[in-house]
Structure formats: structure tokens, C-alpha cells
Amino acid sequence: MTWLARRIAVSFGLAWVVVTVVFLSLHAIPGDPAELLLTSDNGILPDPAAVADLRRSLGLDRPLHEQYLSFLSGLLRLDLGHSLLDGYSVSKEILLRLPRTLELIFASAAIAAVVGMSGGMLAAVRKGGRFDRVTGTLVSITQATPVFVLGTLMVLVFAQKLGWMPAGGFVPFSQDPWQHLVLLAMPALATSARLTVDVFRMTRASALEVLSRDYVRTARAKGVPPRRILTRHVGRASLIPIITLLGMDMGALLGGTVLVEHIFNWPGISAPLMHSIAARDYPMVAGIVLTISLLFLLINLLTDLAYHSIDPRVRAA
């Protein structure tokens, strides 16, 4: 319990640091949001009096510490303010789009876990064989291919050339479950590619290390079936580093889906983030960046808890 309380306290401290850094970073960006909002498309600068009035109405003329306290107060109420561009609630926009991004991330993690762990285990058992050599080559090629190149190639081959899959889009699951999963397939595969490579390599290395241990050789000598050795001994021992890897990489995927969502026109959280950054929409940028950062901390905390429950050495520490 002491370990758990200490870990949660550290997570809350890091969350406060993230909130503060995001707030200060956004206000350090050059440019006046009020002036940007009032500037016409042809580049004509607005009237300074109008800019001053808009800054006052948006609260941008207040001292920085007052804006910070107001920002913290709204955050505690789960009120992230309103967009400077259209006045839409930032919280509602995030609640609408975040589940789509999370669905993409969890689908990618599930693909990486199943394909990477099963492939890595099989490659370790057949070390030096044809499967091990072929998968090793595919892993090297995948790791060297950027996600935007992989996503573009998938659209070109599977959508345009072969016509097996739609190029992109989104249909709610409640409206058409099958079409929803079809549209999710390619972006999830593209997002999971790098994570699958990492899980494959980690599983193969862990399995090879476990297979060389004395208790595994003893189990083989006693005639224990190979499948039981893999599931009971090798799989359990290999699971611990894989959980840590999946937890860390899932957090990283939260900030790495921007290109994938753009390529496949998946309506996640990335599109409003990029648009808000370009428009200096402070509330929207702050809300989305904070959401991603806090989810990253939450995933790391859950990973530590899972690691703590699986590995008895951590519980004894």
C-alpha cells in the first residue's frame, strides 16, 4: 500500500507539472490570438481598439498568474473553456473525438500484442529456421519504413489497386458494426506496425533467454509437452517485459496517430489539434495536449500496477 500511495502521489505531481508546462508553453508562443482572429483573409491588420476589446473579453489581458489560477480552477471542474475560433466547448470536442483515437490505439495495441508475441515466440522456438529468417527480414523492413509511407502504401495497394478495402473514412459502430471495423482495419494495422516490431523482438529475446534456463531444460528432460513449457514457463516469464513495453508504447501512440488519422481520414483528436495550433486557439490546444499528457501518465500508472501484480520481485521490494 505504501508503494501504491507513493506511485499515485508521484503521478499527481507529474500531472501538475504537465499542466503548468502546457500553460506556460502556450503563452510563450509568439503571436496574439485576438489579433489573429480579427485579421482578415487578405492579411489586413485589425483595428487596435477591436483587438484590445477582444483580448479583454477573452481574459487575455489579465495577469498571467490570474489566467493560470483560472485555468486550474476550470480544469478541476473538467471545464477546459471554449474555442477562440467558434466558441465550441473544448471538453465536448474532446469527449466526441477522443474515444475514436483511443479505439484506434487499443486496436493497434491488441494487434501488436497478438501478432508480435505469437510471432516472437515461434521465432524463438525455431531459431535459425526459415520462419525466423523471414520474419527477421520483415521486421527490419517494417522498422525502417515511416508510418506515413506505410499508410500511403496500404491505401495505394489495398484500396486503389486491389480494391479490397476502402481508402478511409468513418462510420459509427452503432450504425454499421461491420463497416466500422473494416474502416478501422487499415489505420490500426498502420499504427501497430512499429509496436508489433518492438513486441516481436522483445518476445523473441525474452523467450530465447528463458528457453536456455535450467528449469526449462529439466522440464524437457521430464517429458513435459512443449506447448505446456511455452505457455506455463516461457510465456509467463516473457509477459513481464512485454507489459512494460506495451504500456510505454501505448502512451507514445497517443501522440503518434496524427499522420495515420490524416491519411485514413479517421476523425480522431489529431485534426482539431493541428488546426488549433495553426490558429493559436489556446484553449483547444491546451485541452487536447493536456488530455494526451494526462492519459499518458494514467497508462504508465496502470502499467506499473500490472507489473507490480505480476512480478513477485516488485511486490517484495
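Placed above this text is the structure.
Residues numbered from 1 in each chain as written. Predicted model: local features only at pLDDT ≥ 70, side-chain atom pairs only at ≥ 80, totals over all residues. Heavy atoms only, no water.

## Considerations on the nonpolar core
The nonpolar side chains of soluble globular proteins are, as a tendency, buried together. If you look at the biggest cluster of nonpolar residues, it comprises 24 residues, and the most contacted ones within it are I94, L195, V199, L246, L254 and I288. If you tally residues by element for this core, the top one is helix α5 (residues 90-125), at eight residues. Setting aside anything within four residues of it in sequence, one finds I288 in contact with I94, I269, P272 and L273. L104, L183, V260 and F264 belong to the second-largest nonpolar core, a separate cluster that totals 14 residues. (Core = buried A, V, L, I, M, F, W, Y, C linked by side-chain atoms within 4.5 Å. Buried < 20%, exposed > 50% of the residue type's maximum accessible area, 1.4 Å probe, protein only. Helix = DSSP H or I, 4+ residues; strand = E, 2+ residues; numbered from the N terminus. Contact = heavy atoms within 4.5 Å.)

## With respect to helix α7 (residues 147-161)
With 15 residues, α7 ought to run about 21 Å at 1.5 Å a step, and its terminal C-alpha atoms sit 20 Å apart, in line with that. Among the residues of α7, G151, M154, V155 and A159 are the ones counted as buried. Take α7 and look down its axis: the buried residues cluster within an arc of 100 degrees, on one side only. Counted as exposed and oriented over 90 degrees from the buried face of α7: Q160 and K161. Tucked into the core, α7 has its buried residues touching α8 (177-211) and α11 (258-263). Where α7 ends, the next residue or the one after it, G163, has phi of about 70 degrees, a positive value. (Expected span 1.5 Å × (residues − 1). Arc of directions from axis to C-beta.)

## Focus on the packing of aromatic side chains
According to the stated counting rule, one finds two aromatic pairs in the structure shown. Judged by centre distance (6.0 Å) and plane angle (35 degrees), the ring pair of F158 and W164 falls under tilted. On the numbers, 5.1 Å between centres and 85 degrees between planes, the contact of F170 with W266 is edge-to-face. Here F170, found in the loop between α7 and α8, pairs with W266, found in the loop between α11 and α12 (270-279); they are 96 residues apart in sequence, far enough to count as distant. Take W266: its relative accessible area is 3%, and that puts it in the buried class. (Phe/Tyr/Trp six-rings, centres within 6.5 Å; stacked < 30°, edge-to-face > 60°.)

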